Amino acid sequence: MSKTFLILGAAAAFLAVAIGAFGAHAVKSRISADLLEIYNTGTAYHFYHSFAVLIVGILLFLAPHPNGWLNWSGWLFLAGIILFSGSLYTLALSGIRTFGAVTPFGGLCFLAGWLCMAVGSWRAFSH
């Protein structure tokens, strides 16, 4: 599972760079300042949590035993990227504010992911 999260984290970071560049060059002049701010928030959280997925991969590699808490952490971070950042990208590009109703579910995934990472790390590395 370590390899899976390292690959997915790298892919997510790649997409964050591409989506950020798209926003800076193609989107910036086509949407309002408030929608661009929403888009940039999606990009920032996408980046942060791409790194979190990579950290999960490293922790799983270092953990002496399989760790379900860390696995859940990685999947929750990925779900959060899709729900949180994806809904903000969609809202910003479409202007349809109802997409913002999905964003808090992504935020909850991020929070749960960090909690699972904490518990998983505690269980894996406390002797």
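This one's a predicted model, so the numbers in the text were calculated from it and none came from an experiment.

K.L.:
Just to check I follow, could you spell out helix 3 (residues 68-94) for this structure?
P.N.:
Side chains that are three or four residues apart share a direction in an α-helix, a result of its 3.6 residues per turn. End to end, helix 3 covers 38 Å across 27 residues, agreeing with the expected 39 Å (1.5 Å per residue, within 8%). Along helix 3, the sharpest kink reaches roughly 25°, centred on Gly86. Structurally, the start of helix 3 carries an N-cap: the backbone nitrogen of Trp69 is 3.1 Å from a side-chain oxygen of Asn67.

K.L.:
Help me understand the pattern of salt bridges, please; the structure alone is not making it clear to me.
P.N.:
Side-chain pairing between opposite charges can occur once the charged atoms of the two side chains come close. Scanning the entire structure with this criterion turns up 1 salt bridge. Of the charged contacts, one joins Asp34 and Arg97 as a salt bridge, the two residues approaching to 2.6 Å between their closest N and O atoms. In this pair, Asp34 sits in helix 2 (residues 33-62) while Arg97 sits in the loop between helix 3 and helix 4 (103-125), placing the two residues 63 residues apart along the sequence. With a relative accessible area of 48%, Arg97 lands in the partly exposed category.

K.L.:
Got a minute to help me understand the packing of helix 1 (residues 2-27) against helix 3 in this structure?
P.N.:
Packed helices, taken two at a time, are described by the angle their axes make and the gap between the axes. Contact geometry of helix 1 with helix 3 gives a least axis separation of 12 Å together with a crossing angle of 15°. In terms of axis orientation, helix 1 runs roughly parallel to helix 3. In this structure, the crossing between helix 1 and helix 3 has a hand that is left-handed. Seen from helix 1, the contacting residues are Thr4, Phe5, Leu8, Ala12, Ile19 and Val27; seen from helix 3, they are Asn71, Gly74, Trp75, Leu78, Ile81, Tyr89 and Leu93.

K.L.:
Hey, could you run me through the environment of Tyr48 in this one?
P.N.:
With respect to the element layout, Tyr48 can be found in helix 2. Along the sequence, Tyr48 and Ala16 sit 32 residues apart, while their C-alpha atoms lie 9.5 Å from each other.

Definitions and cut-offs
Residues numbered from 1 in each chain as written. Predicted model: local features only at pLDDT ≥ 70, side-chain atom pairs only at ≥ 80, totals over all residues. Heavy atoms only, no water. Helix = DSSP H or I, 4+ residues; strand = E, 2+ residues; numbered from the N terminus. Expected span 1.5 Å × (residues − 1). Bend = angle between axes of the 7 residues up to and from the residue. Polar contact = N/O pair within 3.5 Å; in protein donor to acceptor, adjacent residues only side chain to side chain. Salt bridge = Lys/Arg side-chain N within 4 Å of Asp/Glu carboxyl O. Buried < 20%, exposed > 50% of the residue type's maximum accessible area, 1.4 Å probe, protein only. Axes fitted to C-alpha atoms, helices over the stretch in contact; angles between N-to-C directions. Parallel < 35°, antiparallel > 145°, perpendicular 65-115°, else oblique. Left-handed = near helix turned anticlockwise from the far one by under 90°. Contact = heavy atoms within 4.5 Å.

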